[in-house]
Amino acid sequence: MRMKNVLITGAYGQLGEACIKYLKSYFNIIPAGRYGGNKGIQLDITDAHSTRQMIKKHNPQVILNLAAMTNVDGCETDPKMAEAINVNGVKILCDGFDGHFIQISTDYVFDGNAGPYSEDDETNPISVYGKTKLAADDWLSANHEKTTILRANVVYGYTNRTKASFVKWVVDSLTDEKPIRVVDDQWNNPTWTESIASVINELIEKEAFGLYHYGDKDHLNRYEFALLIAKVFDLDASLISPISTSELNQPAPRPLRSGLKTEKIESELGIIPKSVETCLQEIRKQLSK
Ligand SMILES: NC(=O)c1ccc[n+]([C@@H]2O[C@H](COP(=O)([O-])OP(=O)(O)OC[C@H]3O[C@@H](n4cnc5c(N)ncnc54)[C@H](OP(=O)(O)O)[C@@H]3O)[C@@H](O)[C@H]2O)c1
């Protein structure tokens, strides 16, 4: 049987790297990013004309949309740009496309007063980023039949090619014996990029449409997560000290008690989330190869 063509937008971001690596064994991957890539295609999803042409030319059965304005504070200070990419970009991608559309959404659609959240919980975003991501979820649910919305939270990856990630920052700082301050009042379930890539594989294979939440197994605050990173990488945890979110004075408010429940995806698709420690150990093993 012929492999499905899967167009990945935002393919050269953090999640894109892991998705290309994982999914290329199962599908014909068409990677597209804002600034092209090694052999990839240049695609700005706010450019309606060239996006339509590109989709027509490559004729994907699946679009995996990873393109987004993900800088939460940047969205707060430039809401027009956030809307153009996170909402209108999605509409442009769906214009004339009637295949399987997979959108990666976020726990930032919730206010963070009572997480972790299930798919049935009421949304109430408190930042521009969260509002634009929710607007895209709502538009897709109402307008594109074959849609999967996968909500994820605190995604991290770390390979030899990773430019910036929370895990890399903690490991590099502690290796250089630099003290770091990490918030201890933001709770969620940190999720390895490779975990999400394997979930996406199942969603494509099973054509699972609808709304799903996914996060790895443990609900931690960011400070606890940093301590766990130090433990797994045998680094000095005493260099890490806790601070509160309010001390950071960031432009965008953050949901504090957040995170995602995974019962639906576990029961419907048989996906079992791994522990955060197992994922970190696997990263360490991969880095040493
Ligand atoms: N990271 C998380 O913790 C997290 C949590 C939940 C959900 N998500 C969602 O997961 C998806 C992937 O995020 P990520 O972590 O991989 O973030 P990322 O590393 O910032 O990747 C996003 C990618 O989108 C690209 N992009 C931005 N504007 C674009 C445009 N107009 N046209 C085409 N591409 C554009 C970016 O390119 P440039 O490099 O050129 O800007 C970047 O490569 C996003 O939808 C995000 O909302 C992320």
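What you are looking at is a predicted structure, and each value in this text was computed from that prediction instead of being measured. (Residues numbered from 1 in each chain as written. Predicted model: local features only at pLDDT ≥ 70, side-chain atom pairs only at ≥ 80, totals over all residues.)

Observations concerning the site of the ligand
Okay, step 1: As a structural note, the neighbourhood of the ligand is formed by 28 residues, with Gly-10, Gly-13, Leu-15, Ala-67 and Ala-68 the closest of them.
Okay, step 2: Put simply, the parts of the chain that give the shell around the ligand at least two residues each are helix H1 (14-23), helix H4 (79-94) and strand S5 (100-106).
Okay, step 3: The leading source of residues in the shell around the ligand is H1, at 3 residues.
Okay, step 4: Its residues assigned to classes, the shell around the ligand comprises 14 nonpolar, 11 polar and 3 charged. (Near = placed C-beta within 6 Å. Helix = DSSP H or I, 4+ residues; strand = E, 2+ residues; numbered from the N terminus. Nonpolar A, V, L, I, M, F, W, Y, C, P; charged D, E, K, R; others polar.)

Looking at the pairing of strand S4 (residues 62-65)
Note on strand geometry: in a regular strand, side chains alternate between the two faces of the sheet.
Okay, step 1: Judged by which residues are buried, S4 turns out to be covered on both faces: Val-62 and Leu-64 on one side and Ile-63 and Asn-65 on the other are all buried.
Okay, step 2: Two elements, strand S1 (residues 5-9) and S4, share 4 bridges in a ladder whose sense is parallel. Bridge assignment links Val-6 to a residue of S4, and that residue is Val-62.
Okay, step 3: Alignment of S4 against S5, held across 4 bridges, turns out to be parallel. Pairing of Ile-63 across the sheet is with Phe-101, part of S5. (Buried ≥ 20, exposed ≤ 12 C-beta atoms within 10 Å, placed from the backbone. Pairing = 2+ DSSP bridges.)

Section: helix H6 (residues 166-175)
Okay, step 1: When we look at burial in H6, the residues that qualify are Val-167, Val-170, Val-171 and Leu-174. With its buried residues spanning 95° around the axis, H6 presents them on a single face.
Okay, step 2: In this structure, the buried residues of H6 make contact with strand S7 (155-156), strand S8 (180-183), helix H8 (222-232) and helix H10 (276-288).
Okay, step 3: At the exit of H6 stands Glu-177, carrying a positive phi of roughly 60°. (Arc of directions from axis to C-beta. Contact = placed C-beta atoms within 7 Å.)

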